[in-house]
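For reference, the chains in residue letters:
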Amino acid sequence: MRAITIADTAYLNNTRRLVVSFLKHHPDSSITVFCDNADAARRYLTDRRCRITELAGIATDGAKRAKFTAYRLAAAEGSFLFLDSDIIVLSSLAELEDEERLVACADDMSGCPFIEDKQHPWPGDPGLAADIYFNSGIVFFPAALAGFLEGLHHAAQDDDLFARYIFDTRLVDNHFLCAFANKEKIPVRLVDGTVFNWQGLRTVGKPKSLLGTRDGRIVNEPTSRPMRLLHFAGIKDIDAFLFDHDPEILRIVAANAIDTPFDNLSLFDVPGSAANALPANARAEVGRALIDRSGELRSPNVPAPYIPHHRTFVSLALSTAASAVEWNGLPCGAAYFEPDEYHWFRQAIRSVDARSVIEIGAGYTSILLNRIADHVLSIEALDGPWLEDARSKGCDVALVPFDSAERRFDGALLEEAVRSRRLTMPDLLFVDSPNGTANRQGALGQLLELTVPRYLLFHDAIRDAEMVYGVLQSHDYRIVDQLASFRGLVLLEHATGREAREREPAGAGVDETVAPGFAVELAGASRVWTARQRFLQPVLLTNLDSETWNKDGETPVRLSYHLVAADGAVVRKGNRRTLLPCDMAPGDAVRFDLEIDPHTDQADLFYAIDVVREGVRWFSADKAAPLTRYPLPRQ
C-alpha cells in the first residue's frame, strides 16, 4: 500500500506520528509527505520509507487547496491512500484498498450546523444534490481515478470554480472533492466511520471522547469495535485531548506513534499511578513527550525522578528525531545537537577566544566545551544520565535545584557555585537549559545578576527569539553570529568584549607534520536500504587534511568508493557519492552511513572507500599506501 499526506511546517510534529504509526503497521509500504519546507520535514521525518516532496502551492494557496495537486502527482504512480496528517494509525488499513471504487467514510455533516440544506450543501450550485458525502481525511483512490484527479486538480486552479464549491473557510477541500464526486458520479465504497474515522473518536460539537480499551486495543466504547486509526479532526489540542484519557490509552498510542517505547514512563501503564497527581499542565507536557519520544534514555533501567520533573519531557518533546550520526564521538539528533550545530558551536567558541565558560545545563556540550575551553562550569538542575555522562568525562557540574514556580535556581547554591570558581566575569555564558522559554528566561536573568559575560550563546534561539530580543534591548549586547539550524544558535557580544575580540583567535592549530588525507574505518555491519535498493555501511571518517571539508559549495567534499577486483585492479573508479553530515574541520571524526549501490553482475568484487573534493581531486592520490578493500555487499 502506498500512502500520502500533506502538511505545512507547523504541523510536522503531528505528521511524524502519522508516518511512524503508518509504517509500523505497513512495513513494506511507503508514505509521501507533501510539505512547504522539505529541509524542515527531513529533520522530523527520518525513516527512509518516507518520501518528502515540497509543494510551492502550500505556501501560496494553503494545504487544503494544494491537496488537489498532491492527489494528481500521487495518481501518476498508481493507486494510493490519502491520510490527513492528524491521524495515528493503530492497525493495518489493507481493508481500504479497492481497485474499482473510491473508499471513504460517510459524513452526514452533523458537525456543520451552518449548512441548512444538507441535501444540497453547495450554495454556489444549489441544484447539485449530495447523493453521497464522505470525509476526505481518509480516502483510497484507485489508479482508475487518475483522470478524475487530473481534472479535479485543474478545477481547483480556477479561482471562481473553487469558490463555487467550497463553503467559505469552514468546508474547503472536503466540500470541493465531494462536489465533483457527485457531479461525475464517482463510484464510492463507504466504510464504518466509527472504526476508520473521527466518528469513533469523539462526539459531535464539543469533543467528548468515545474511546475505551479492550484486550490491549483502543475501541469505540458505544460499539466495542477496535479502532483502526485515530483521526483528530476538529480537535485543536491533540495532546490535551489524549491526556484526559486513561493511562492505558496513552500507552497504546505511544506504542503505535513512537519509534521506541520510553521505558521510564512505564508507570503510565498503571491506572491511578502517581502520574495522575501531576498538575494539568505538567501532565500535558509528559503526555506530549510520551507520544512524541522517538528514542529511549541511554540508561533506561536507572531509577530516576523523571515524572516529578516534568520539564525534562518538554525538552524531549521539542527535540529533533534520533540519528545514527556521531560527531567526534558525540551523539546527534533527539535532544542533542545536530552535526552542523556541533561544528558551528566549536567554531564560535574558538573565534571569540572563550577560555572561561558557564553553561546552563549539562551533557554532551559540556564534554565539547571541556575540550576547547580552560575553565567550564555546567549548572544542572536535574540529576539524570546527562549529568552522569558529563561528570564521567571530567566536567565540572554543579547540581543546583530549579524552582519552576519561581523560575529561579536556588540562589545561595547558585551564587556559591559561581563565586567559588571565580567566574563572575566569564568569557561566555551558554544558555541551553532549563526546559521551556519562561524557565530559561528566569534562569538567564538570575545568572546576569551574578555575572557579566563577554558573550552570550543561545540554543533554541528560534523558539526563544523573544528572549534573545529582550536581552538585546535590556543589556548592552549585539548579535555577532548565528546558525539557522532547525532549533537555531545565536552568539551575542557585550560592549566590554568588543576590543577583546580583536585579539588573534585561539584554538587548536593544525599539525603540519600530518600527511594530508583521511582515515576511514567500518563502524558496524552493513544493512539493506530496501526503499532505494542500496546498502548502508556505517563508517567512521576522520579528516587528516590541513583544511576544513565543506559539505556544500562549488567544490564540496563527498565520501565515495571505487570498485576493485581481487587482484587490486580498479574496475570502476568513482561510484555513488554520500554527502557529509556536516562540515569537518581538521581532526574531526564523524560516524555516518556510506551508501553503496550493489548493482553489478561481476563476482568477487571489492570496494575501496575514498574521499573526493568534487572537481578537484580524489584524496587517495595523496596516500602512499593503497586503499583498504572490503567485500562488496550482496543481497
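Rules and cut-offs
Residues numbered from 1 in each chain as written. Predicted model: local features only at pLDDT ≥ 70, side-chain atom pairs only at ≥ 80, totals over all residues. Heavy atoms only, no water. Helix = DSSP H or I, 4+ residues; strand = E, 2+ residues; numbered from the N terminus. Buried < 20%, exposed > 50% of the residue type's maximum accessible area, 1.4 Å probe, protein only. Contact = heavy atoms within 4.5 Å. Areas by Shrake-Rupley, 256 points an atom, 1.4 Å probe, with all protein chains shown as cover. Pairing = 2+ DSSP bridges. Expected span 1.5 Å × (residues − 1). Salt bridge = Lys/Arg side-chain N within 4 Å of Asp/Glu carboxyl O. Phe/Tyr/Trp six-rings, centres within 6.5 Å; stacked < 30°, edge-to-face > 60°. Lys NZ or Arg CZ within 6 Å of the ring centre and 35° of its normal. Lys, Arg positive; Asp, Glu negative; His and termini not counted. Polar contact = N/O pair within 3.5 Å; in protein donor to acceptor, adjacent residues only side chain to side chain. 1 Å grid on protein atoms, 1.4 Å probe; cavity = no way out; pocket = protein on both sides within 12 Å on 5 of 7 lines; lining within 4 Å. Points joined across faces, edges and corners; volume = space filled by probe spheres on them. Nonpolar A, V, L, I, M, F, W, Y, C, P; charged D, E, K, R; others polar. Core = buried A, V, L, I, M, F, W, Y, C linked by side-chain atoms within 4.5 Å. Axes fitted to C-alpha atoms, helices over the stretch in contact; angles between N-to-C directions. Parallel < 35°, antiparallel > 145°, perpendicular 65-115°, else oblique.

If you tally the helices and strands in the protein chain, you get 18 helices and 33 strands. Split into buried and exposed, the 635 residues of the protein chain put 54% on the buried side. Taking the contacts inside the protein chain whose residues are at least 6 apart along the sequence as the reference set, 67% of them involve residues at least 24 apart. Total accessible area on the protein chain stands at roughly 27200 Å², and carbon and sulfur atoms take up 49% of it.

Further remarks concern the sheet that holds strand β9 (residues 211-214). Here three strands make up an open sheet; going across it, the order is β9-β10-β11 and the pairing antiparallel. Two strands lie at the open edges of the sheet, namely β9 and β11 (225-226), each paired on one side alone. As paired strands, β9 and strand β10 (residues 217-220) are joined by four bridges and run antiparallel to one another. Looking at β10, one finds that Arg 214 is bridged to Arg 217.

Turning our attention to helix α13 (residues 339-351). With 13 residues, α13 should cover 18 Å at 1.5 Å per step; its first-to-last C-alpha distance of 18 Å lies within 8% of that length. Those residues of α13 lying buried are Pro 339, Glu 341, Tyr 342, His 343, Trp 344, Phe 345, Arg 346, Ala 348 and Ile 349. Just downstream of α13 lies Asp 353, where phi reads positive at about 55°.

The next thing to look at is the pattern of salt bridges. Applying the stated criterion across every chain, the model contains 31 salt bridges. The shortest N-O distance in the salt bridge between Lys 67 and Asp 173 comes to 2.3 Å. Taken together, the positions of Lys 67 in helix α4 (residues 63-75) and Asp 173 in helix α7 (residues 173-183) put the pair 106 residues apart, joining distant regions of the chain. Taken individually, Lys 67 and Asp 173 each receive the classification buried, so the pair is uniform in this respect. The partner of Arg 421 in a salt bridge is Asp 396, and the shortest N-O contact between them spans 2.7 Å. Taken as a pair, Arg 421 in the loop between α16 (411-420) and β20 (428-431) and Asp 396 in strand β17 (residues 396-399) lie far apart in primary sequence, 25 residues in all. Through salt bridges with shared partners, a single network forms among Arg 440, Asp 460, Asp 464 and Arg 487.

A few words on the packing of aromatic side chains. Enumeration according to the criterion identifies 23 aromatic pairs in this entry. Taken together, a centroid distance of 6.4 Å and an interplanar angle of 75° make the contact between Phe 68 and Phe 162 edge-to-face. Taken together, the positions of Phe 68 in helix α4 and Phe 162 in helix α6 (residues 159-164) put the pair 94 residues apart, joining distant regions of the chain. Relative to Phe 180, the ring of Tyr 165 has its centre 5.3 Å away and its plane inclined at 70°; by these criteria the two rings are edge-to-face. Taken together, the residues span a long stretch of sequence, with Tyr 165 in the loop between α6 and α7 and Phe 180 in helix α7 at a distance of 15 residues. Here the two residues Tyr 165 and Phe 180 agree in accessibility, since each one is buried. Counting every residue linked through ring pairs, the aromatic cluster contains Phe 68, Tyr 71, Phe 80, Phe 82, Phe 141, Phe 162, Tyr 165, Phe 176 and Phe 180. Here the basic side chain of Arg 65 rests over the ring of Phe 162, its NZ or CZ set 4.4 Å away from the ring centre.

Secondary-structure assignment places Arg 558 in strand β27 (residues 557-564). The charged side chain of Arg 558 is buried without a salt bridge, its nearest counter-charge being Glu 614 at 4.5 Å. Looking at Arg 558, its side chain comes within polar contact range of the main-chain oxygen of Lys 551, at 2.6 Å. Setting aside its immediate chain neighbours within four residues, Arg 558 contacts Lys 551, Arg 577, Thr 578, Leu 579, Asp 610, Val 611, Val 612 and Glu 614.

Over the atoms a probe the size of a water molecule is rolled, and this reveals where empty space is left. Taken as a whole, the second largest pocket encloses approximately 1000 Å³ of empty space. Lys 64, Asp 84, Asp 86, Ala 233 and Gly 234 are, among the 33 residues lining the second largest pocket, the residues nearest its centre. Listed by contribution, the elements that provide at least two residues to the lining of the second largest pocket are β1 (2-7), α4, β7 (134-141) and α7. Looking at the lining of the second largest pocket residue by residue, the classes come out as 14 nonpolar, nine polar and 10 charged.

Core analysis: the biggest nonpolar cluster contains 85 residues, and Phe 409, Leu 457 and Phe 458 have the highest contact counts within it. Tyr 71, Ala 75, Met 109 and Ala 181 belong to the second-largest nonpolar core, a separate cluster that totals 46 residues.

Where α4 meets α7, the closest approach of the two axes is 8 Å, and the angle between their N-to-C directions is 50°. Classified by the interaxial angle, the pair formed by α4 and α7 is oblique. Contact with α4, carried on its side by Lys 64, Lys 67, Phe 68 and Tyr 71, involves Asp 173, Phe 176 and Leu 177 of α7 and no other residues of that element. Its residues assigned to classes, the contact of α4 with α7 comprises four nonpolar, no polar and three charged.

A few words on the sheet that holds strand β23 (residues 489-494). Pairing within the open sheet is mixed, and its seven strands lie in the order β17-β16-β15-β20-β21-β23-β22. Edge strands, defined here as strands with exactly one partner in the open sheet, are β17 and β22 (477-483). Strand-to-strand twist in this sheet, taken as the mean axis angle between neighbours without regard to direction, amounts to 20°. Both β22 and β23 contribute to a ladder of six bridges, which runs antiparallel. Bridge pairing in β23 links Arg 478 to Glu 493. In the packing of helix α17 (residues 437-450) onto the sheet, the strands contacted are β15 (356-360), β16 (375-380), β20, β21 (455-459) and β22, and the crossing angle to β20 comes to about 165°.

Attention shifts here to the side chain of His 459. In this structure, His 459 sits in strand β21. Assessed through its relative accessible area of 1%, His 459 is described here as buried. Among all residues touching His 459, those that are not within four sequence positions of it are Phe 337, Glu 341, Phe 430, Val 431, Asp 432, Arg 440, Asp 464, Arg 487, Gly 488 and Leu 489.

On to unusual backbone geometry, then. The amide bond that connects Ser 433 to the next residue, Pro 434, takes the cis arrangement and shows omega of -10°. In this fold, Pro 434 is placed in the loop between β20 and α17. In the Ramachandran plot, Ser 224 falls in the positive-phi region, its phi being about 65° despite a non-glycine side chain. Topologically, Ser 224 is positioned in the loop between β10 and β11. Positive phi, close to 60°, is recorded for Arg 407, a residue that is not glycine. Along the chain, Arg 407 falls in the loop between β18 (402-403) and β19 (408-409).

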